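Summary of structural features
These are the residues of each chain, in order.
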Amino acid sequence: MFESFEELEKGIENCNKCKLCNNRNNIVIGCGNREAKVMFIGEGPGADEDAQGEPFVGKAGKLMNQALKGLGIERDEIYIANVVKCRPPMNRNPEPDEVNSCLDYLRSQVMLVKPEIIVLLGNVALKAILGNDYSITKSRGIWIEKKGIRYMPTFHPAALLRNEQLKINFWNDLKEVKKYM
Ligand code: URA
């Protein structure tokens, strides 16, 4: 675990703990307010994030930004990170060994930001943080409280790009988050 963001950045800069290091252009650590009350956790960088070194800057990110804006949540009032910090090839799901290699970084981020609320975007984030017993279809939209943190699992914004009908659920879940902010 890392005691500060500076330590985390130093510790991660040459990371080769898993095979995702082989094809990355940038390590995508996280962005936003390091003292945020609300943290969003996605899956892993896509092509745009890998190119720019920032999470959720591609199509899925733009959709998420629209929802945040519509709810009056500023992107720089939250902290955003991913389960894995390097892009999985062809945007496949990160494999369990890749998730496990990267979890210390995410845990350190949670410890340093100390959010009251964590929004888990999709199954990969939900299972990495709360365990394999959870699934997004059953758990989305329902607050889960653990060790003083309130978790809101919801659909990954990329899922909304594939299926527009999920947008209303995503919106309602984020509305629930906004209520507590
Ligand atoms: N999808 C994610 O899970 N994270 C990103 O940063 C971008 C797309």
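Our subject in this report is the structure included herewith. Everything quoted here is computed from the prediction, not taken from an experiment.

A word on the packing of helix 1 (residues 5-12) against helix 4 (residues 96-113). Packing of helix 1 against helix 4 brings their axes to within 10 Å, and their N-to-C directions diverge by 170°. The pairing of helix 1 with helix 4 is recorded here as roughly antiparallel in orientation. Handedness of the crossing formed by helix 1 with helix 4: left-handed. In this structure, helix 1 uses F5, L8, G11 and I12 to contact helix 4, whose residues at the interface are Y105, Q109, L112 and V113. Class assignment of the residues belonging to the contact of helix 1 with helix 4 gives a composition of 6 nonpolar, 2 polar and no charged.

Glancing now at the sheet that holds strand 3 (residues 79-82). Read across the open sheet, the 6 strands follow the order 1-3-2-4-6-5; overall the sheet is mixed. The open sheet terminates on both sides in strands that have one partner only, identified here as strand 1 (30-32) and strand 5 (144-146). Ignoring which end each strand starts from, the neighbouring axes of this sheet average 20° apart. Both strand 5 and strand 6 (residues 149-154) contribute to a ladder of 3 bridges, which runs antiparallel. Its bridge partner lying in strand 6, I144 is registered against Y151.

Every residue near the ligand is listed here: G42, E43, G44, E49, P55, F56, N82 and H156. Within the backbone of E43, one N or O atom sits 2.7 Å away from an oxygen atom of the ligand. At 3.0 Å, a backbone N or O of G44 approaches a nitrogen atom of the ligand. Relative to its unbound accessible area of 230 Å², the ligand is 92% covered by the protein chains. Considering only residue class, the shell around the ligand consists of 2 nonpolar, 4 polar and 2 charged.

Let's shift gears to the packing of aromatic side chains. Here the structure, examined in full by the defined rule, presents 3 aromatic pairs. Pairing F2 with Y105 gives two aromatic rings, centres 5.8 Å apart and planes at 20°, and the pair type is stacked. Here F2, found in the segment before helix 1, pairs with Y105, found in helix 4; they are 103 residues apart in sequence, far enough to count as distant. Pairing W143 with Y180 gives two aromatic rings, centres 5.1 Å apart and planes at 75°, and the pair type is edge-to-face. With W143 in the loop between helix 6 (136-139) and strand 5 and Y180 in the segment after helix 8 (167-179), the pair connects residues that are 37 residues apart, well separated along the chain. The lysine or arginine in question, R150, covers the ring of W143, its NZ or CZ lying 4.5 Å from the ring centre.

The rules behind each value
- Residues numbered from 1 in each chain as written.
- Predicted model: local features only at pLDDT ≥ 70, side-chain atom pairs only at ≥ 80, totals over all residues.
- Heavy atoms only, no water.
- Axes fitted to C-alpha atoms, helices over the stretch in contact; angles between N-to-C directions.
- Helix = DSSP H or I, 4+ residues; strand = E, 2+ residues; numbered from the N terminus.
- Parallel < 35°, antiparallel > 145°, perpendicular 65-115°, else oblique.
- Left-handed = near helix turned anticlockwise from the far one by under 90°.
- Contact = heavy atoms within 4.5 Å.
- Nonpolar A, V, L, I, M, F, W, Y, C, P; charged D, E, K, R; others polar.
- Pairing = 2+ DSSP bridges.
- Near = heavy atom within 4 Å.
- Polar contact = N/O pair within 3.5 Å; in protein donor to acceptor, adjacent residues only side chain to side chain.
- Areas by Shrake-Rupley, 256 points an atom, 1.4 Å probe, with all protein chains shown as cover.
- Phe/Tyr/Trp six-rings, centres within 6.5 Å; stacked < 30°, edge-to-face > 60°.
- Lys NZ or Arg CZ within 6 Å of the ring centre and 35° of its normal.

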